[in-house]
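# Summary of the model geometry
Residues per chain, in single letters:
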Amino acid sequence: MEIKVIIGLEIHVQLKTNTKMFCSCSAKYFNDSPNTHLCPVCLGLPGALPVVNKKAVIQAIKVGKALNFNINSKSRFDRKNYMYPDLFKGYQITQFEFPIDTDGYIVLKSGKKINIYRAHLEEDTAKSLHHKGYTLLDGNKAGVPLLEIVSSPEMFSKEEAKEYAKKIYNVVRFIGVSDCDMEKGQMRFDVNINLEIKKEGKIFKTPISEIKNLNSFRSMERAIDYESQRQLEEFEKKGIVLEKGNKTTRGWNDNLSKTFFQRDKEESDDYRYFPEPDLPPFILTEKFIQDALSEIDILQEDALVSLIQEYRISSDIADLIVEERDYYDFFIKVSKSYKEYVNLSNWIVTEIIAIIKEYSLEISSCDIHDFIKLLNSIDEKKISVSSGKEILKKMMLEDINIEKEIDNKLIDTDLNKIESIIKNILESNKDLVQKYLDGKEGIMGFLIGQVVKEMKGRIDPIEVKEKILIELDKNYRN
Amino acid sequence: MNIAELKKNIKDKKISPSEILDIYFKKAYVVNKDTNCFISITEDYTRKRLQNSKIESELSFIPGVIKDNINIKGTITTAGSRILENYKSPYTATVVEKLGNFSLIGKGNLDAFAFGSSTENSGFGVTKNPLDTSKVPGGSSGGVAAAVVSGVSLFGIGTDTGGSVRQPASFCGLVGLKPTYGLCSRFGLIAMGSSFDVPGIIATNVSDTALVLNSIAGFDKKDSTSINIEKKDYTKLKDDSKLKVGILKMPKDGVSTEIAKAFDDSVKLFSKLNIDLVEIDFKYISYSLAIYYILVPAEISANMSRYDGIRFGFHPDKNFESISDFYKDARSKFEDEVKRRVMIGTYTLSQGYYDAYYNKATQIRNLIKNEFKEVFKDIDFLISPTTPTLPFNIGEKTKDPLSMYLSDLFTVPANLVGYPAISIPNKKIDNLYSGLQIMGRPFEEDRLLSLSYLIENQLWK
Amino acid sequence: MSIKLSKEEILKIANLSRLDLTDKEIDNFRDSISEIINYISIINEVDIAGIDNFFQVNDSSNILREDSENKATDFELDPSNFIDTDESYIKVKKVL
């Protein structure tokens, strides 16, 4: 028996705009009191009318470019009819027949191309908090702009699905159309999944499940694992195969690590789409599209290529730098006046990003001018690398005067002093020195550390090591 | 009394704003008893609002009636349906904002959600025609027309989706104007058929109509379908020479003999004015009603989905097995005609029927629009009767919805194509009024009103 | 050919419309809606080959709003219109 899992992803991305999709209420609702961003339009009051947010259209055009879509000059909104308490108008304004972006694709590392059917604009729903016996509704999220990106079912493993999702995440963030903060629900996945089972020379397909509203890469992977196994077991037990109308909708319970049945698609799926009469269509001119695209200075994949080819940075390091637009921007800004690109990229990836992650900072806490001064001081051997690292951390966490910090750590060039400190340290650690000489090389680090400490860090450890070796040769080795 | 006269009296201090309120509210209660033209009489609201008010707009202190499917903040806005019985609107429609500090006398009765042609489908009782209380006042803006013809208001704002301003105006012997789609904002009008709805004006004469249009016309950034065109003064008469007027070829049946006769008489008046007349026979216009009753219920079925019992209006207070049962209980407050149209729309939009109905109707709507464009290259105006019959009896058509629908025969095409159309009263027949409908080119309300003025004043009397 | 919707069809449409009908209403709507469906079906005879199904009343397009907050409207949220509230949430009984 051979089993192939077939996965398609619908990704909802909340677009970064000041206001909602169809009204001027603030779209920045995170942590605000419930129902404070509401007006007749997003509350769905009788008589209210939608007006399209231009920024959201521009964002959709930019995603169109970044994911290799055709950006359609003719596009319009439709009404998708279904009644649910979190959908205040009883219909969602979305794009059905004429989405703004169609026929895009991305390429996975393996070289496999994943086609993306479409990306269309729509409005988010209200937030529901389900309690026992009742539900609480908060309309602040109702009407926030969403872009739904719908892939073709061409991913055949959870790894491919994850890579695809990650790629969308990176690309979308890089051009600044969304922060995709999954904890805030700014990016959500619906997974369409079924199995193709080869058994006794025949091919069977299991019914498709759509697992709704997964809010992390991890839960997406786990849901795929669980659901593949569940479908296989169900197939073996009941032998039900894919038919028209037997698609089901399932939810994901993160605590139980299980998908659960929500509803049959069949009856509730009649959404009775029709053109939204309250909104004239878009006939986007070439100029409008070009103006929107001119807001993209560089795409993530172009940034990556340029780091590797122009700046000669290894692809592993470059990958990490383009992961965040801010890192890339930081690199480019520093590189304007600091030309040791490889060294720069290493500092960003191994030092700065580590500090950012450890202390939950933004890269903006690293002042560019101070950072350049710091790197130059290290390169000119005014301070040691380790002092540089210390200063960097301090610089990102506190308000400091960089010149003063560097002055404090200037390498001490008083040879007599250094030599006498080395002598003293070796003298007072005779036992250890002997152990070192007997082959315990790890001791050297300790000895260097002691000297550096005594020198208050104002010395390059490499130099210390050289001098210790000389002293050992002179006075300790036979 | 017309608006200009009352304005002069106010300006000359012959009458004070509070005297206006005393007189008109007193009358409103009396008339309402006889006709049920108001869902609410807004005396407290208006007295409070106009306290310390000054003359600041064209219609300051002029008594007016607003159809109750138009939102006014702080008033109960029911749309004529029990599902909104106690709904206190938290915002005001743009057209009402634009009217300024007029004297709101009341909110006019209507067929629930404006679904109807007789005001018999109201959740708040039938409105009677003040000219003959055995007859309907027309609809759906029947309450507005009844209030204006009774003299309780000098003007009224209604909504017109397929004739809902023109038909009641004609049944009550008034002028009713449906402006071009997009000239006046729909923001705050409770939607029926969104691509058909427009706010409209009912008044006793053409000049008053023009004055009110001056106030309510204009682009509104809150309505994406409103059109930004240069502002016009509709009270200025245009001297049109060399007019060419099309006469709509009468359909083979459905038009009563009285109406046919009245229409013949009006055609003669045009001839007397040396206006070129030409009979126009459209190829597709006979499908107007069919596509109207496909597209409008489709739009209605979605527009009615927000009435879910949660955020406003009637709230179920029982426990239910499912949210679906909750909805069904809330929506049991819908009047029969509302239920009927929602179901028709749901049917024609549902899987397997969309192409045959909605899609095809949209294509025919394009055919009709193209045909109108062609025809109006050659003519300036198109005339027809406003309605195929004289005002009918209360109860006459309630059992037969289709026959009610057919009474929109002449008014619906203007909404299909978005053109402006006006109904001006014919001479009385058997003590009942009917109307002459004149349709003009889009956004040429100035010319339409000028011609109407000519017909009304030079010849009618 | 005239269509008469079955009781099941009426119930299906009613359910999709979230309407609960009494037996009397079912009969009544079966008749009237069938009659109307038959009437509107006259459009079957029209040849619409090649006709656009993208309809607009006015030929306007790209009506877009700048992305700036605007609270100019006189709207004031009136929670007394809500079915029930809990803190400032809207509270609905038993949704799932």
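Shown above is the structure to which this text applies.
Residues numbered from 1 in each chain as written. Chains lettered and ligands numbered in written order. Predicted model: local features only at pLDDT ≥ 70, side-chain atom pairs only at ≥ 80, totals over all residues.

## A few points about the nonpolar core
- The biggest cluster of nonpolar side chains holds 265 residues, and the ones touching the most others in it are A:Val191, B:Ala145, B:Val148, B:Ile202 and B:Ile294.
- With 10 residues, helix H9 (residues 288–303) of chain B is the single largest residue contributor to this core.
- Each of domain 1 (2–283) and domain 2 (297–408) of chain A accounts for three or more of the residues forming this core.
- Once residues lying within four places of it in the same chain are set aside, the contact partners of A:Val191 are A:Ile7, A:Leu9, A:Ile211, A:Leu214, A:Met220, A:Ala223 and A:Ile224. (Core = buried A, V, L, I, M, F, W, Y, C linked by C-beta atoms within 7 Å. Buried ≥ 20, exposed ≤ 12 C-beta atoms within 10 Å, placed from the backbone. Helix = DSSP H or I, 4+ residues; strand = E, 2+ residues; numbered from the N terminus. Domains from an automatic or database assignment. Contact = placed C-beta atoms within 7 Å.)

## Thoughts on the sheet that holds strand E9 (residues 127–131) of chain A
- On the basis of which strands lie adjacent, the open sheet formed by four strands has the order E9(A)-E10(A)-E3(C)-E2(C) and antiparallel pairing. Here the strands that pair on one side only, and so sit at the sheet edges, are E9 of chain A together with strand E2 (85–86) of chain C.
- Of the strand pairs in this sheet, E2(C) and strand E3 (residues 89–93) of chain C are connected by two bridges, and their pairing is antiparallel. Across the sheet, residue C:Asp86 finds its bridge partner in E3(C), namely C:Tyr89. (Pairing = 2+ DSSP bridges.)

## Here we look at the pairing of strand E10 (residues 134–138) of chain A
- Within E10(A), four of the five residues are buried, which leaves it mostly tucked inside the rest of the structure.
- Of the pairings in the sheet, the one linking E9(A) to E10(A) comprises five bridges and is antiparallel in character. Pairing of A:His131 across the sheet is with A:Tyr134, part of E10(A).
- As consecutive antiparallel partners, E9(A) and E10(A) are separated by two residues, and within that stretch A:Gly133 has a phi angle of approximately 85°, a positive value.
- Strand direction decides the pairing type here: E10(A) and E3(C), joined by four bridges, are antiparallel. Its bridge partner being in E3(C), A:Leu136 is matched across the sheet by C:Lys91.

## Re the interface of chain C and chain A
- In this complex, chain C contributes 29 residues to the contact, which on the side of chain A involves 33 residues.
- Those elements giving two or more residues to the side of chain C that touches chain A turn out to be strand E1 (64–65) and E3 of chain C.
- No other element matches the five residues that E3(C) contributes to the side of chain C that touches chain A.
- Inspection of the sheet shows strand E2 (residues 52–53) of chain A paired to E1(C) by two bridges, in the parallel sense. Note on E1(C): the bridge partner recorded for A:Asn53 is C:Arg65.

## Let's talk about helix H12 (residues 355–378) of chain B
- Here H12(B) spans 34 Å end to end across 24 residues, near enough to the 34 Å set by a 1.5 Å rise per residue.
- All buried positions along H12(B) are accounted for by B:Tyr357, B:Tyr358, B:Lys360, B:Ala361, B:Thr362, B:Gln363, B:Ile364, B:Arg365, B:Leu367, B:Ile368, B:Phe372 and B:Phe376.
- Among the structural elements, strand E17 (274–275) of chain A, H9, helix H11 (336–349) and helix H14 (412–417) of chain B together with helix H2 (23–40) of chain C are those in contact with the buried residues of H12(B). (Expected span 1.5 Å × (residues − 1).)

## Section: unusual backbone geometry
- Put simply, B:Gly139 and B:Ser140 share a cis peptide bond, and its omega is 10°.
- Inspection of the secondary structure puts B:Ser140 in the loop between strand E3 (103–108) and helix H5 (142–149).
- Positive phi is not limited to glycine here, since A:Ser360 has a value of about 50°.
- Position of A:Ser360 among the secondary structure elements: in the loop between helix H9 (341–359) and helix H10 (368–379).
- C-beta crowding within 10 Å serves as the criterion here: with 6 such atoms nearby, A:Ser360 is assigned to the exposed category.
- Despite not being glycine, A:Lys381 has its phi angle at roughly 60°, a positive value.
- By the secondary structure assignment, A:Lys381 is in the loop between H10 and helix H11 (385–397).
- In this structure A:Lys381 comes out as exposed when scored by C-beta crowding, with 11 C-beta atoms within 10 Å.

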